[in-house]
Amino acid sequence: MPCVVTVGGFYGDEGKGKIVAYMSIKDNLDIAVRGGVGPNAGHTFVQSGKEYKVRMLPSAVLNSTTRLLIGAGVLVEPTILQNEIQAFNSTDRTFIDFQCGIIDRTHQDSDKNTEHLQKTIGTTGSGTGPANAERALRNIKLAKDVPEIALYLEDVSNSINHSIDNGEKVLIEGTQGTFLSLFHGTYPFVTSKDVTASAICSDVGVGPKKVDDVLIVFKSYVTRVGEGPLNCEITLEQAREKNWLEFGSVTGRQRRSAPFDFDLAKKAIQINSATQIALTKLDVLYPQAKGKREFSSLPGEAKDFISNIESETGLPVTIIGTGAEIMDTIDRR
Ligand code: IMP
Ligand code: MG
């Protein structure tokens, strides 16, 4: 795996954080670089019963030898970033592009206080939409203008491209999900940028010919937080019975839910030119799958579900999540 990009196949919250955290350890990544919008995304992972969340750093923080980069297309909130660097003791392995846009208080206030954004769209309120609007107007402050983070700045695209050329293991981490894309999602109920694989690569400054695999992450059911269409949405009561009820990791809002959607999955695979599937939370659909680390020990129904996804989409399901723990994973790569 010299260069892999991970991308969300539904509406975000597919469990990308866990998959990236797993790969950072299993594959001993040299570099994990975050693309996507910014601190509106919260990626969660669990190791030895302890839960971790990142909103700025890549989800590879638990491997202390993996370099942690943030691409120029990602918006940075300096306080959140500095807190995470401190929490993960990653000062000497964190690198931020000079040209990342900076989120400030005015962006956050405007995100939280604009009725259109808060009520109609249901944004995370993290300031990313107003900051990207300002970037488009070419007024936003860049990382190179902020002394507190000067220590971490570098030309991220240059370092990733060198690493790829030297055969190092590079993972490009996407955030949000395909149908939250400003261009390909359910507009206007979307985030403030394109977040498909091409855009994630563009965020970090890697061209399409340098990517070896596009790993699309699907959860075993679909969730959505905020407003916008959700096909075959079930009621809160039904979601509770199925154990599908989840809460947003950035906002704490209750997520809406629906069964796995094959039409959405196929469209997402097409738009992202996905080559492999990671499927998360299989144990929520099939409790007997919990904690399994071998495909052969999965219950028959769970195996059928996976075969069905493979035959419908034509792609292999190579990584399967069977629990919150990073290592509760079946790896068929
Ligand atoms: P914004 O990105 O904060 O502007 O929010 C726009 C829409 O995208 C809202 O429906 C949010 O709930 C959703 N959204 C943004 N980031 C994420 C994410 O990381 N996971 C899930 N939903 C997200
Ligand atoms: Mg999330």
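These figures come from a predicted structure and were not determined experimentally.

Trainee: Got a minute to help me understand the overall build of the chain in this structure?
Mentor: Each helix and strand counted, the chain has 11 helices and 14 strands in total. The C-alpha radius of gyration computed for the chain amounts to 19 Å, which stays within 12% of the reference 20 Å derived for 333 residues, consistent with globular compactness. Each principal axis of the C-alpha distribution contributes one length, and for the chain these read about 55 × 50 × 35 Å. In the chain, which comprises 333 residues, the proportion classed as buried is 55%. Long-range pairs, those at least 24 residues apart, make up 75% of the contacts in the chain with a sequence separation of at least 6. With an accessible surface of roughly 13800 Å², the chain has 49% of that area assigned to carbon and sulfur atoms.

Trainee: Just to check I follow, could you spell out the site of ligand 1 for this structure?
Mentor: Neighbouring ligand 1 are 16 residues, the closest being Asp13, Asn40, Thr124, Thr191 and Arg253. In this structure, Thr124 approaches ligand 1 through a side-chain N or O atom, which is 2.6 Å from an oxygen atom. Interatomic distance of 2.6 Å between a side-chain N/O atom of Thr191 and an oxygen atom of ligand 1. Relative to its free-state accessible area of 470 Å², ligand 1 is covered by the protein chains to the extent of 96%.

Trainee: Would you mind going over the coordination of the magnesium ion (ligand 2) with me for this structure?
Mentor: Ideal geometry at a metal centre gives angles of 109.5 degrees when four donors are arranged tetrahedrally and 90 or 180 degrees when six donors are arranged octahedrally. Protein-derived ligands of the magnesium ion (ligand 2) are Asp13 (OD) and Gly42 (O), with the metal-ligand distances lying across 2.2 to 2.6 Å. Pair noted here: Asp13 is in the loop between strand 1 (3-8) and helix 1 (16-26) and Gly42 is in the loop between strand 2 (31-34) and strand 3 (43-47), with a separation of 29 residues, a long-range link.

Trainee: Help me understand the pattern of salt bridges, please; the structure alone is not making it clear to me.
Mentor: A side chain with one charge may pair with a side chain of the opposite charge, provided their charged atoms come close. By the definition in use, this model includes 19 salt bridges. In this structure, Glu312 and Lys266 form a salt bridge, with 2.9 Å as the shortest nitrogen-oxygen distance. With Glu312 in helix 11 (residues 300-313) and Lys266 in helix 9 (residues 262-272), this residue pair connects regions lying 46 residues apart in the sequence. Overall, Glu312 belongs to the partly exposed group, its relative accessible area being 38%. Residue Lys266 is classed as partly exposed on the basis of its relative accessible area of 35%. One salt-bridge network, held together by shared partners, links Asp13, Lys219, Glu246, Arg255 and Lys281.

Trainee: Explanation requested: the sheet that holds strand 13 (residues 317-321) in the structure shown.
Mentor: With respect to topology, 10 strands assemble into an open sheet ordered 7-6-5-2-8-1-9-12-13-14, the strand pairing being mixed. Since the sheet does not close on itself, it has two edges, and those belong to strand 7 (153-154) and strand 14 (329-331), each with one partner.

Parameters and conventions
- Chains are numbered independently. Their residues run from 1 in the order of the written sequence.
- Going through the entries in the order they are written, you letter the chains from A and number the ligands from 1.
- Local features in this predicted model are restricted to residues of pLDDT 70 or higher, and side-chain atom pairs are both shown and tallied only at a pLDDT of 80 or more, whereas totals for entire chains, interfaces and linings draw on every residue.
- Excluded from the side-chain calculations are hydrogens and water; all other atoms, namely the structure's heavy atoms, are used.
- Starting at the N terminus, helices and strands are each numbered in turn, a helix being any DSSP run of H or I of at least four residues and a strand any DSSP run of E of at least two.
- The atom set for the radius of gyration is the C-alpha atoms, and the globule formula is 2.2 Å times the number of residues raised to the power 0.38.
- Throughout, exposure labels follow a simple rule: accessible area from a 1.4 Å probe, protein chains only, divided by the maximum for the residue type, with under 20% read as buried, over 50% as exposed, and the rest as partly exposed.
- Contact criterion: two residues are considered in contact whenever any of their non-hydrogen atoms come within 4.5 Å of each other.
- The Shrake-Rupley method, run with a 1.4 Å probe sphere, supplies the accessible areas, and residue values consider only the shown protein chains as cover.
- Note on terminology: near, applied to a residue and a molecule or strand, indicates that one of the residue's heavy atoms is within 4 Å of it.
- In the analysis that follows, any N or O atom pair within 3.5 Å is treated as a polar contact, provided that within protein one partner can donate a hydrogen and the other can accept it, and provided that, for residues neighboring in sequence, both atoms belong to side chains.
- A 2.8 Å cut-off from the metal defines N, O and S donors, relaxed to 3.2 Å for Na, K and Ca; water is not in the atom list, so some sites may appear incomplete.
- Within this document, salt bridges are pairs made up of a side-chain nitrogen of Lys or Arg and a carboxyl oxygen of Asp or Glu, the two lying within 4 Å of each other.
- Any two strands are treated as partners once DSSP identifies two or more bridges connecting them.

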